[in-house]
Amino acid sequence: MRKAELPDFLPHGWKKEVAMALGIHINTVTNALKVRKGNTYEKIKQAVILKWGKENDE
């Protein structure tokens, strides 16, 4: 199974793109990132990993 990690840098406009994909407001993304926990944070993290994640062969 391949695991993916969060990339070091995300492209410009990634918050807006993730917010549109999840159907939430961009401020919700910002607030969830500040808190760093919760259901919304986990959804954001998974969306980012799927879109921009680096794959590791483990």
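The preceding data block contains the structure.
A brief report on the enclosed structure follows. (Residues numbered from 1 in each chain as written. Predicted model: local features only at pLDDT ≥ 70, side-chain atom pairs only at ≥ 80, totals over all residues. Heavy atoms only, no water.)

Using the criterion set out here, one finds 2 salt bridges in the structure. A salt bridge links E17 to K51, with the nearest nitrogen and oxygen atoms 3.0 Å apart. Remark: K51 occurs in helix α3 (residues 39-52) and E17 occurs in helix α1 (residues 14-22); sequence separation between them is 34 residues. Residue E17 is classed as partly exposed on the basis of its relative accessible area of 38%. Residue K51 is classed as exposed on the basis of its relative accessible area of 51%. (Salt bridge = Lys/Arg side-chain N within 4 Å of Asp/Glu carboxyl O. Helix = DSSP H or I, 4+ residues; strand = E, 2+ residues; numbered from the N terminus. Buried < 20%, exposed > 50% of the residue type's maximum accessible area, 1.4 Å probe, protein only.)

Here the focus is the nonpolar core. Of all hydrophobic cores here, the largest spans 10 residues; its members are W14, V18, A19, V29, A32, Y41, I44, A47, V48 and W52. Every element with two or more residues in this core is listed here: α1, α2 (26-35) and α3. Once residues lying within four places of it in the same chain are set aside, the contact partners of I44 are W14, V18, L22, I24, V29 and A32. (Core = buried A, V, L, I, M, F, W, Y, C linked by side-chain atoms within 4.5 Å. Contact = heavy atoms within 4.5 Å.)

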